[in-house]
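# Per-entry structural report
Here are the chains, one letter per residue:
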Amino acid sequence: MALLPWRKAKIVQITQLTHNTRSYIFQFPEPGPFDFKPGQFVTIDLPIDEKPNKRWRSYSIASWPNGSNRFELCIVLNHEGKGTPYLFDEVQEGSELTLRGPVGVFTLPENLEKDIYLICTGTGIAPFRSMVQHIVNHSIPHKNIYLVFGCRKFNDALYAEELKALAAQHPGIEFHSVFSREEVEGRQEFIHQGYVHQVYESIVQSKKGNYPQPLPATFYLCGWKQMVDEAKQRIMALGYDRKSIHQELYG
Ligand SMILES: Cc1cc2nc3c(=O)[nH]c(=O)nc-3n(C[C@H](O)[C@H](O)[C@H](O)COP(=O)(O)OP(=O)(O)OC[C@H]3O[C@@H](n4cnc5c(N)ncnc54)[C@H](O)[C@@H]3O)c2cc1C
């Protein structure tokens, strides 16, 4: 497929979401809607190197298609990197950036006829926020959706209030937050201590009950390599085949 052309977009709003993560709202000069599928990403050409391909950084779209010419990215600062320090230190509201997209095949199928597990850590929540908001806004029929989000501390919980409220209002969507560096008091249904793996494994096991095979499901994994690789191994060990697992690797 031919590459989409580079376009200019202005940053109209920057919001600090956690100590190291910001939301950036972009707006195209053209008034027409920016059409994309939830789960897709854009690539930004940042003025950080002479060589074009060393300047490109990709980000999942954290907002959902709403007929406007705006969209949101959710970006975590990597002090060791080149691109995110530029985005955090040099880019301001009113700055114009060059980008290309939407692209990517990390998207939902037409029919959501199986249970869906959306498993992520950190800013890996971005494409899943887009997906669940889209499903709810369009009343798309679905089976159970389990969104399992992992981070270190309570303060790192991106979009947590929004997603908690969404899940509370929509039976069939569960939002599980998992904290690796917090003490979670008592036993809570949707807030866990530890890592994402134990949470989706325990949901799969409890749904399976005494059946020999786990129930049909599709898994979407998003985030950094270590979590995604480990999740793939564990999901296959639960009895699912590779084809039921989709992934978006951030690095
Ligand atoms: C499809 C896709 C979607 C993504 N979506 C998101 C998203 O929604 N949000 C998000 O926050 N991120 C996302 N990412 C990750 C993002 O593209 C960047 O990789 C990330 O922001 C880091 O960029 P950076 O320029 O700061 O780091 P880079 O400059 O790319 O550096 C990355 C790492 O390489 C190491 N490194 C860099 N240069 C050197 C060097 N010279 N020597 C040794 N080590 C070096 C650094 O230690 C650093 O840890 C996504 C990635 C992909 C592929």
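Calculation rules
- Residues numbered from 1 in each chain as written.
- Predicted model: local features only at pLDDT ≥ 70, side-chain atom pairs only at ≥ 80, totals over all residues.
- Helix = DSSP H or I, 4+ residues; strand = E, 2+ residues; numbered from the N terminus.
- Rg over C-alpha atoms; globule rule 2.2 N^0.38 Å.
- Buried ≥ 20, exposed ≤ 12 C-beta atoms within 10 Å, placed from the backbone.
- Contact = placed C-beta atoms within 7 Å.
- Near = placed C-beta within 6 Å.
- Domains from an automatic or database assignment.
- Pairing = 2+ DSSP bridges.
- Axes fitted to C-alpha atoms, helices over the stretch in contact; angles between N-to-C directions.
- Nonpolar A, V, L, I, M, F, W, Y, C, P; charged D, E, K, R; others polar.
- Core = buried A, V, L, I, M, F, W, Y, C linked by C-beta atoms within 7 Å.
- Parallel < 35°, antiparallel > 145°, perpendicular 65-115°, else oblique.
- Left-handed = near helix turned anticlockwise from the far one by under 90°.

Each helix and strand counted, the chain has six helices and twelve strands in total. Relative to the compact-globule value of 18 Å for 251 residues, the chain shows a C-alpha radius of gyration of 18 Å, a close match. Principal-axis analysis of the C-alpha atoms places the extent of the chain at approximately 60 × 40 × 35 Å. With 251 residues in all, the chain has 35% of them scored as buried. For the chain, the share of sequence-separated contacts (at least 6 apart) that also reach a separation of at least 24 residues comes to 69%.

For the ligand, the set of nearby residues contains 19 residues, the closest of which are Glu80, Gly81, Gly83, Thr84 and Thr123. Among the secondary structure elements, those contributing two or more residues to the shell around the ligand are strand 4 (56-60), strand 5 (70-76) and helix 2 (83-89). For the shell around the ligand, the element with the most residues is strand 4, which contributes four residues. A domain-level breakdown of the shell around the ligand finds at least three residues from each of domain 1 (7-103) and domain 2 (115-249).

For the rest of this paragraph, the subject is the environment of Met227. Relative to the helices and strands, Met227 resides in helix 6 (residues 225-237). The spacing of Met227 and Phe88 is 139 residues in sequence and 25 Å in space, taken between C-alpha atoms.

Attention shifts here to the sheet that holds strand 4. Hydrogen bonding along the main chain pairs the strands of a sheet, whether they run parallel or antiparallel. Across the sheet, which stays open at both edges, the six strands sit in the order 4-3-6-1-2-5 with antiparallel pairing between neighbours. Looking at which strands have only one partner, the edges of the open sheet turn out to be strand 4 and strand 5. Going across the sheet, the axis of each strand differs from the next one's by a mean of 40 degrees, ignoring polarity. Two elements, strand 3 (residues 41-45) and strand 6 (residues 96-103), share four bridges in a ladder whose sense is antiparallel. Following the sheet pairing, Thr43 is matched in strand 6 by Arg100.

Here we come to the domain arrangement of the chain. In terms of domain boundaries, the chain breaks down into domain 1 (7-103) and domain 2 (115-249). Of the residues lining the interface, 15 residues belong to domain 1; the matching set on domain 2 comes to 14 residues. Of all the elements in the fold, those that place two or more residues in the side of domain 1 that touches domain 2 are strand 1 (7-18) and strand 5. Looking at the side of domain 1 that touches domain 2, the element that brings in the most residues is strand 5, giving three residues. Residue classes in the side of domain 1 that touches domain 2 are distributed as nine nonpolar, six polar and no charged.

Among the nonpolar cores identified, the biggest contains 57 residues, and Tyr117, Leu118, Ile119, Leu147 and Val148 are the most heavily contacted of them. Both domain 1 (7-103) and domain 2 (115-249) contribute no fewer than three residues apiece to this core. If near-sequence neighbours (up to four positions away) are discounted, Leu118 is found in contact with Phe128, Met131, Ile145, Tyr146, Leu147, Val148 and Tyr220.

With parallel pairing, the six strands of this open sheet are ordered in space as 10-9-8-7-11-12. Looking at which strands have only one partner, the edges of the open sheet turn out to be strand 10 (191-193) and strand 12 (245-249). The sheet shows a mean angle of 15 degrees between the axes of neighbouring strands, direction not considered. Direction of pairing for strand 9 (residues 173-179) relative to strand 10: parallel, over a ladder of three bridges. Paired with Ser177 across the strands is Ile191, a residue of strand 10.

The contact between helix 5 (residues 196-208) and helix 6 brings their axes to 10 Å, and the two run at 25 degrees. The angle between the axes of helix 5 and helix 6 places the two elements in the roughly parallel class. Note that helix 5 runs across helix 6; the crossing there is right-handed. Together, Val196, His197 and Glu201 of helix 5 and Met227, Glu230, Ala231 and Arg234 of helix 6 make up the contact between the two elements.

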